[in-house]
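One-letter residues, chain by chain:
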Protein chains: 2
Amino acid sequence: MSLVVMKFGGSSVADADKMKHVAGKIAAKKNAGNKVVAVVSAPGDTTDDLLEMAAKIVSNPLAREMDMLLATGEMVSISLLAMALDSIGEKVVSLTGPQAGILADDNYTRARIKKVNPRKIKACLTKNNIVIVAGFQALNPKGDITTLGRGGSDLTAVALAASLEADSCEIYSDVEGVYTTDPRVIKDARKLDYLSYDEMLEMAGSGAQVLQSRSVEVAKKFGVEIHARSAFSEKQGTIITSEEEIRRKKMEALLVSGVAFDKDQVKFTMMDLPDIPGVAAKIFSRLAKIGVNVDMIIQSAAVDKKNDISFTVCKAEMKKTHTELDKIAHEFKTPQVVFDEHVAKISIVGIGMKSNPGVAGKMFEILYKNAINIEMISTSEIKISCIVDELDMVKAVEELHKGFGLFRKK
Amino acid sequence: MSLVVMKFGGSSVADADKMKHVAGKIAAKKNAGNKVVAVVSAPGDTTDDLLEMAAKIVSNPLAREMDMLLATGEMVSISLLAMALDSIGEKVVSLTGPQAGILADDNYTRARIKKVNPRKIKACLTKNNIVIVAGFQALNPKGDITTLGRGGSDLTAVALAASLEADSCEIYSDVEGVYTTDPRVIKDARKLDYLSYDEMLEMAGSGAQVLQSRSVEVAKKFGVEIHARSAFSEKQGTIITSEEEIRRKKMEALLVSGVAFDKDQVKFTMMDLPDIPGVAAKIFSRLAKIGVNVDMIIQSAAVDKKNDISFTVCKAEMKKTHTELDKIAHEFKTPQVVFDEHVAKISIVGIGMKSNPGVAGKMFEILYKNAINIEMISTSEIKISCIVDELDMVKAVEELHKGFGLFRKK
């Protein structure tokens, strides 16, 4: 008998009808001869509603109490879903994160799972129950309820799959899987059958939000194969697994698996920095101190003992970055701070590029042929990213998608 | 330093402004030099909203899951209230029923508290925190969240006061205390300064819903003095305490403390029952088996070897009572079942009547003088109840209230 972990997001349990639909899917999985553990998020807009209630009370709520408040959302989902399963004759038990043995560190609002104690889940499964677990929440060492941060239910599902040694971990959402690029932007985008953990991580970091990154990291660490699929169809989705597994299944890895893009970027440049050691260290440690996440960084070669440093941050951090850079510029006396918020980051991702050195050149050529200017470049083992003018973004994605042969086969 | 338990009902925490008002009252109590444990119910209509959500899924929900669902209401209250207290500079911790050590039996939806383990609350108090506890909920021996039934937050407050040996237990609501009769019906109704546990129980059983009966029973058992008062004024409310304490404080007990009334009554009569042993036992054990609570019972003296038995039930149980009585009548062959749903129960309650045998006579005389027909009578040590036509109810209450000197002193 196989053990399957199924995870359903908030939009899949947003109302009574959807809840019943999900119950039907869970029951079908059970009746096909599986043991089932289902992880659910809070219904639809519940979390936003709770945040709004808190905002009416206080602008800067206590993190511990925020977690107590937010945890109620998933409790509503699990109890209603259990009722729905009972009403169609299934034996079922719902468990909160703490009851399910999800043990986290002592951070509030973005706790990290330290350990899963699956004793209670196993006992419920042995008694032939479907087990419904509240995603997103955990128990900390003080006995408090905590939450795992945005997308935390994915993490709950993967952690449970790892700890229960589940045969599969199915993450259901309202899209059919991971696409070569965003199908809302490029209509020829193709659903991928397989994707490696690292590719998924690079795609996520580049704006494709199908799975929470930490859940992919945990899946990679514990070798949990994730099946990302639609809650509203029976179609096979995308399997996220190890590179070895993909190579075993496919004759040859794709050169490029996907094209990701991200408009949420601002490019800053500090011009005329003195060319002395420690300048870059000073700038980026100061930004780290105020909590700014810097993405791409380029330092140009020194000319006349002056340096330029460019880097990107997300738009939400634009203001505080600017303020801090102005201070730093003042300290260095001469430098000038300029920024450009009309940029976008385009990335191609693929494990195939590891063994194929021509990929970067091909990318630049495609962009050049389409008269798209590259403002910055950064590369990793399996990703190449370029910053371009945001007006060129869609065109760039389209041409790269076509150029690397990612369009849907007719 | 005194330890005060304060309990606030759902209407006192129905929105952000009321929540802040309650936070202010709690903070004031703390800053007057007390340790404070506050028990709160779910905000306003939350419980009804949750019930409605469940009703959209299934008509007969699993009790265990219902408790999981309903428990979220109080978690919303405690976290928001804690945020409100934090925002005015108070050190505060919220605890769910299970976290607070409220341990119950294994019934769902109307669990009984078996024990309170106040270790965690005491630890929080020692660290100078205000402790906010979710009312109405408990932990059962299986580790499930359960609820204590209607009015369960009162019970939580009293149980905590007993277990913490609190110096006072203040139950806040939107009325100023316990009145001689319902002030919405009789405008001269007077707020009582003191009332004994037994009087409160008799009043509650007779339709005056200020405090949940089980909480009064527990208060009596453990000697917890309850102060029932308004959340919206600073006035002294009603102290519910032992008879001894009241006699110590007052020179003489009132003959009658209050007049209660209850329209939610149906009178059934089974006529021409055979006058043989076991007839009454059969009727009432059959009704008990189908869960009907019988209130007043009269059996008339046998005439011609035939007996009549009359009794009252609440209106919600009218249908199933009637169905069952028809079956019983059929089994006894001859009897006739009649019922009257246009009746009301009027009760006078007072510990003073223990030592004063004239009270019943005076009650009947007052009703007689006002041409109010008495259909049934039942008496206990401190209560006399009469069933009258519902059209006479208000008049009867008015005259009894006046006749026993309960009106407000001008």
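Residues numbered from 1 in each chain as written. Chains lettered and ligands numbered in written order. Predicted model: local features only at pLDDT ≥ 70, side-chain atom pairs only at ≥ 80, totals over all residues.

Observations regarding the environment of T323(B)
For T323(B), the position within the fold is in helix 10 (residues 318–331). Along the sequence, T323(B) and A54(B) sit 269 residues apart, while their C-alpha atoms lie 29 Å from each other. (Helix = DSSP H or I, 4+ residues; strand = E, 2+ residues; numbered from the N terminus.)

Topic: the domain arrangement of chain A
One frequently used descriptor of interface size is the decrease in accessible area upon assembly of the parts. Residues and elements named next belong to chain A. As assigned here, chain A comprises domain 1 (2–250) and domain 2 (259–403). When each unit is reduced to the centre of its C-alpha atoms, the spacing between domain 1 and domain 2 is 34 Å. Every contact between the two is made by 14 residues of domain 1 and, on the other side, 17 residues of domain 2. Looking at the side of domain 1 that touches domain 2 element by element, the count peaks at four residues for helix 6 (residues 197–205). (Domains from an automatic or database assignment. Contact = placed C-beta atoms within 7 Å.)

Digging into the interface of chain A and chain B
Across the contact, 27 residues belong to chain A and 27 residues belong to chain B. Put simply, the parts of the chain that give the side of chain A that touches chain B at least two residues each are helix 1 (16–31), helix 2 (46–57) and helix 3 (63–87) of chain A. Among the elements that make up the side of chain A that touches chain B, the one with the highest residue count is helix 3 of chain A (14 residues). When its residues are assigned to classes, the side of chain A that touches chain B shows 17 nonpolar, six polar and four charged. (Nonpolar A, V, L, I, M, F, W, Y, C, P; charged D, E, K, R; others polar.)

Some words on the relation of the copies chain A and chain B
With an RMSD of 0.1 Å, the fit of chain A onto chain B corresponds to turning through 180° and sliding 0.1 Å along the axis. On the angle and the small slide along the axis, the relation comes out as a two-fold axis. Of every C-alpha in chain A, the one belonging to T72(A) sits nearest the axis of rotation, 2.5 Å from it. Here 100% of the contact residues of chain A are again contact residues in chain B; the copies associate through an equivalent surface. (Least-squares fit on C-alpha atoms with pLDDT ≥ 70 in both.)

A look at the sheet that holds strand 13 (residues 258–274) of chain B
Residues and elements named next belong to chain B. Strand order in this open sheet of six strands is 14-15-13-16-18-17, and the pairing throughout is antiparallel. If you trace the sheet from one side to the other, it starts and ends with strand 14 (297–299) and strand 17 (376–380), each paired once. If you compare each strand with its neighbour and ignore which way they point, the axes differ by 25° on average. Alignment of strand 16 (residues 336–349) against strand 18 (residues 383–389), held across seven bridges, turns out to be antiparallel. In the strand pairing of strand 18, I346 is matched with C386. (Pairing = 2+ DSSP bridges. Axes fitted to C-alpha atoms, helices over the stretch in contact; angles between N-to-C directions.)

A word on helix 11 (residues 359–369) of chain A
All names here are of chain A. For helix 11, the set of buried residues is V359, M363 and L367. Looking straight down helix 11, one finds its buried side chains confined to an arc of 70°; they lie on one side. Residues G361, E365, Y368 and K369 are exposed on helix 11 and point more than 90 degrees away from its buried face. At its buried positions, helix 11 is contacted by strand 16 (336–349), strand 18 (383–389) and helix 12 (393–403). Immediately beyond the C-terminal end of helix 11, within one or two residues, lies A371, with a positive phi of roughly 60°. (Buried ≥ 20, exposed ≤ 12 C-beta atoms within 10 Å, placed from the backbone. Arc of directions from axis to C-beta.)

Structural notes on the packing of helix 9 (residues 279–289) of chain B against helix 10 of chain B
Residue and element names in this part refer to chain B. Axis separation between helix 9 and helix 10 bottoms out at 10 Å; the angle between their running directions is 140°. Of the two possible hands of crossing, helix 9 and helix 10 adopt the one that is right-handed. Contacts between helix 9 and helix 10 involve I283, R286 and L287 from the first element and T321, E324 and I328 from the second. Considering only residue class, the contact of helix 9 with helix 10 consists of three nonpolar, one polar and two charged. (Left-handed = near helix turned anticlockwise from the far one by under 90°.)

Concerning the nonpolar core
Proteins that are soluble and globular tend to have nonpolar side chains buried together. Among the nonpolar cores identified, the biggest contains 236 residues, and V5(A), L81(A), V158(A), V5(B), L81(B) and V158(B) are the most heavily contacted of them. Beyond its immediate chain neighbours, meaning those up to four positions away, V5(A) contacts V37(A), V39(A), A157(A), L160(A), A161(A), L164(A), A166(A), C169(A) and E170(A). (Core = buried A, V, L, I, M, F, W, Y, C linked by C-beta atoms within 7 Å.)

Some thoughts on the pairing of strand 16 of chain A
Where a strand is regular, its side chains alternate between the two sheet faces. Two elements, strand 13 (residues 258–274) of chain A and strand 16 of chain A, share eleven bridges in a ladder whose sense is antiparallel. Bridge pairing in strand 16 of chain A links K267(A) to D340(A).

Digging into the sheet that holds strand 1 (residues 2–8) of chain A
Residues and elements named next belong to chain A. Ordered in space as 3-6-2-1-9-11-12-10, the eight strands form an open sheet in which the pairing is mixed. Edge strands, defined here as strands with exactly one partner in the open sheet, are strand 3 (92–95) and strand 10 (194–196). When the angles between neighbouring strand axes are averaged without regard to direction, this sheet yields 20°. Alignment of strand 1 against strand 2 (residues 34–40), held across seven bridges, turns out to be parallel. The residue of strand 2 that forms the bridge with V5 is V37. Helix 5 (residues 152–164) rests against strand 1, strand 2, strand 6 (130–134), strand 9 (168–173) and strand 11 (226–230) of the sheet, and its axis sits at about 170° to strand 1.

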